[in-house]
Amino acid sequence: MKDKVLIFDTTLRDGEQALVSSLSVEQKLRVARQLARLNVDIIEAGFPVSSPGDFQSVTSIAREIKGPIICGLARDVEKDILACARAIKPAEQCRIHTFIGTSGIHTEKKLRKTEGEILEIVKGCVRLARRHCGDVEFSPEDAGRTGVDFLCRVVETAIDAGAGTINIPDTVGYTTPEHFAKIIDELFNRVPNIDKAVISVHCHNDLGMATANSLTAVLHGARQVECAINGIGERAGNAALEEVVMAIKVRKDLFGLSTSVNTREIMRTSKLVRELCHMPVQPNKAIVGSNAFSHSSGIHQDGVLKEKKTYEIITPQSIGLKENRMNLTSRSGSHMVRSRLLDLGYSEVEAGSEDIYKRFKELADKKGTVYDDDLIVLMESKSSEDLKDRFVLETLNVSSGRGTIPTATARILVDGKLYSEAACGDGAVDAATKAIDRIVGYKIKIDNFHLEAVTEGREAQGRVSIVARSDEGVFNGAGTSTDIVEASALAYMDVVNKIARMKRFKRKLPAAAVNSAADKKSEKGA
Ligand code: KIV
Ligand code: ZN
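Okay, so let's go over this structure. (Residues numbered from 1 in each chain as written. Chains lettered and ligands numbered in written order. Predicted model: local features only at pLDDT ≥ 70, side-chain atom pairs only at ≥ 80, totals over all residues. Heavy atoms only, no water.)

1. With respect to the site of ligand 1
This is how the line gets drawn: One heavy atom suffices: a residue is near a molecule or strand as soon as one of its heavy atoms comes within 4 Å of it. By the criterion applied in these results, polar contacts are pairs of N or O atoms within 3.5 Å in which, for protein atoms, one can donate a hydrogen and the other can accept it, and in which residues neighboring in sequence qualify only through two side-chain atoms. Numbering goes from the N terminus for both helices and strands, where a helix is a DSSP run of H or I of at least four residues and a strand is a run of E of at least two. Nonpolar residues are Ala, Val, Leu, Ile, Met, Phe, Trp, Tyr, Cys and Pro. Charged residues are Asp, Glu, Lys and Arg, and all others, Gly as well, are polar.
By nearness alone, every residue bordering ligand 1 is listed as Arg13, Asp14, His97, Phe99, Ser139, Glu141, Asn167, Pro169, Thr171, His202 and His204. Here Asp14 contributes a side-chain N or O atom positioned 3.0 Å from an oxygen atom of ligand 1. Every element with two or more residues in the shell around ligand 1 is listed here: α1 (11-17), β4 (94-101), β5 (136-141) and β6 (165-170). Tallied by class, residues from the shell around ligand 1 come to two nonpolar, six polar and three charged.

Here it is as structure tokens:
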């Protein structure tokens, strides 16, 4: 036990409380099932007294999920503790997590209680919780700003009253690793009954130090870390579960500890949470960001091709990704371009040609990222005719609105001849793509649709990026316009023309293309 750090996941409680719209019972169950597959030790399933919906979610999770301990949150208030006890009762193993503010600012301004009164409340509430559940956790809220003398007395009281886990929250993300380590040291040195409880930490990320503070506390004796998938949570969020777990795993030399998390489930869990919570992950986010395993610099790509460990401290497979990704850009060296072309099935002679590398550089300077379909066009085009778009959207007319059936009419030039078609759809974009399909005649399935504003204000330009598949492979398409339906249609036309080129070249994109649009799709998540 001393060598193990318990992972207490609070995605469904602290994480969920920070969302713009709350998750449904079914959505919470989906996350809880995945957290069980991830093999976290404790799932904080919600705050039962806060709403009937939250109560229902906690109790459904308690009923269904086996393996992890199912925990509910309760203020140090009788009705909270009783509601929590009822909600978690069906669980195989359950825990009540009770808390009360202990910093001067919380006790004086929020609770308007003296320190003596707080100690009495802690004693009474932990005892009450223990009468309903054998496993009780207590948190002195805002411990990071609580005077250490009072903090020690609160912790001693809670342990005496029966709390088996003492969680030290840095509620407002105020501490630094050194400061937080000092608090943990003081508790271990000064609280006489400290050995009767597991010390847990719960760090917020307001100054960007949640993971560092949590890990420092572990080095100083904490054996439970409260964290959330993708670091979601109040304000700047909680410590990210994936960062804490992977740091302990990758730096076993430093920590000498382990967790029971099945790290191969990390990426799947991260994607589920971003999708259900509508909370995208920044591309450069540690461990789960779309760039976390992509190499762009020519020097790095060359190093990774020779020996992955040159620039990778974590294998993509260890978090459940298939492969790393090499971004082909103007910084990529000829070695990388050659390797990519070999993967696409070209011969050594074709892939190693100096002329091809020169043309690749020119294209990359113009385009930024060069995808597999671009490389194939580069290799196969014999004349400027091959580079022209076969299909050109001339006009698009869309009518949609509340109470009407969305309808679109598209006019497209096909090899210089004008065709028009109309279609109805589930929405304006669906109608537009169906009208295009009728003219083009390809079977295309959109896997991922992403809209972002590229300029600000009411007249903002919208950029639509789609990932779509046909028999020829998986393609990225992009379109920009002040009209988002038009931007979507242009992105779709981009894909249509890529497919047309593949058909002309009688080529398909390989299914397992490392740099393929399919990887991009799976990383876009939400
Ligand atoms: O940040 C915090 O203090 C909390 C407590 C309820 C543990 O979320
Ligand atoms: Zn919190």
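2. A closer look at the coordination of the zinc ion (ligand 2)
Ideal donor angles around a metal are set by the shape: a four-donor tetrahedron calls for 109.5 degrees, a six-donor octahedron for 90 or 180 degrees. Under the convention used in this document: Any N, O or S atom lying within 2.8 Å of the metal counts as a donor, with the limit raised to 3.2 Å for Na, K and Ca; because water is left out of the atom set, some sites can appear incomplete. For every residue, the accessible area obtained with a 1.4 Å probe (protein chains only) is divided by the maximum for its type, and the residue is called buried under 20%, exposed over 50%, and partly exposed between those limits.
Coordination of the zinc ion (ligand 2) by the protein is provided by Asp14 (OD), His202 (NE2) and His204 (NE2), with metal-donor distances spanning 2.0 to 2.1 Å. Donor residues for the zinc ion (ligand 2) sit on one chain with the sequence pattern D-x187-H-x1-H. Summarising the burial analysis for this pair, His202 and His204 share the class buried.

3. Here we look at the sheet that holds strand β15 (residues 462-470)
Our working definition: What makes two strands pair is DSSP finding at least two bridges between them. The angle between two axes is taken between their N-to-C directions and runs from 0 to 180 degrees, where each axis is a line fitted to C-alpha atoms and a helix contributes only its stretch in contact. Throughout, a residue-residue contact means that at least one pair of heavy atoms, one from each residue, lies within 4.5 Å.
In space, the three strands of this open sheet follow the order β14-β15-β16, with antiparallel pairing throughout. On the outer flanks of this sheet lie β14 (445-453) and β16 (473-481), each paired with one strand and no other. Direction aside, the axes of adjacent strands within the sheet are offset by 15 degrees on average. In this structure, β15 lies alongside β16, joined through nine bridges in antiparallel fashion. When the sheet's bridge partners are listed, Ser470 is paired in β16 with Gly473. On top of the sheet, helix α20 (residues 484-505) reaches β14, β15 and β16; it is set at about 145 degrees to β16, its chief contact.

4. Looking at the environment of Ile232
By secondary structure assignment, the location of Ile232 is in the loop between β8 (224-227) and α10 (241-250). Each C-alpha atom, one on Ile232 and one on Thr10, is 9.0 Å from the other, the two residues being 222 residues apart in sequence. Excluding residues that lie within four positions of it along the chain, Ile232 makes contacts with Thr11, Gly15, Gly237, Asn238, Val273, Cys277 and Met279.

5. Some details on the pattern of salt bridges
Put simply, the rule reads: Basic side-chain nitrogens of Lys or Arg form a salt bridge, by our definition, when they fall within 4 Å of a carboxyl oxygen of Asp or Glu.
Counted by the stated rule, this structure contains 34 salt bridges. A salt bridge links Lys285 to Glu242; its shortest N-O distance comes to 3.0 Å. With a gap of 43 residues between them, Lys285 in the loop between α12 (266-277) and β9 (294-295) and Glu242 in helix α10 connect regions that are remote in the sequence. Accessibility expressed as a relative area gives 1% for Glu242, which makes it buried. With its nearest N and O atoms 2.7 Å apart, the salt bridge here joins Asp343 to Arg340. With Asp343 and Arg340 both in helix α14 (residues 334-343), this residue pair falls three residues apart, about one helical turn. For Arg340, a relative accessible area of 2% translates into the label buried. Beyond isolated ion pairs, a larger network of salt bridges with shared partners links Arg13, Asp14 and Glu44.

6. Here's the deal with the pairing of strand β1 (residues 6-9)
Every second residue of β1 is oriented toward a common face, with Leu6 and Phe8 on one face and Ile7 and Asp9 on the other, all of them buried. In this sheet, β8 lies alongside β1 in parallel orientation, the contact comprising four bridges. In the sheet register, Asp9 faces β8, and the bridge partner there is Cys227.

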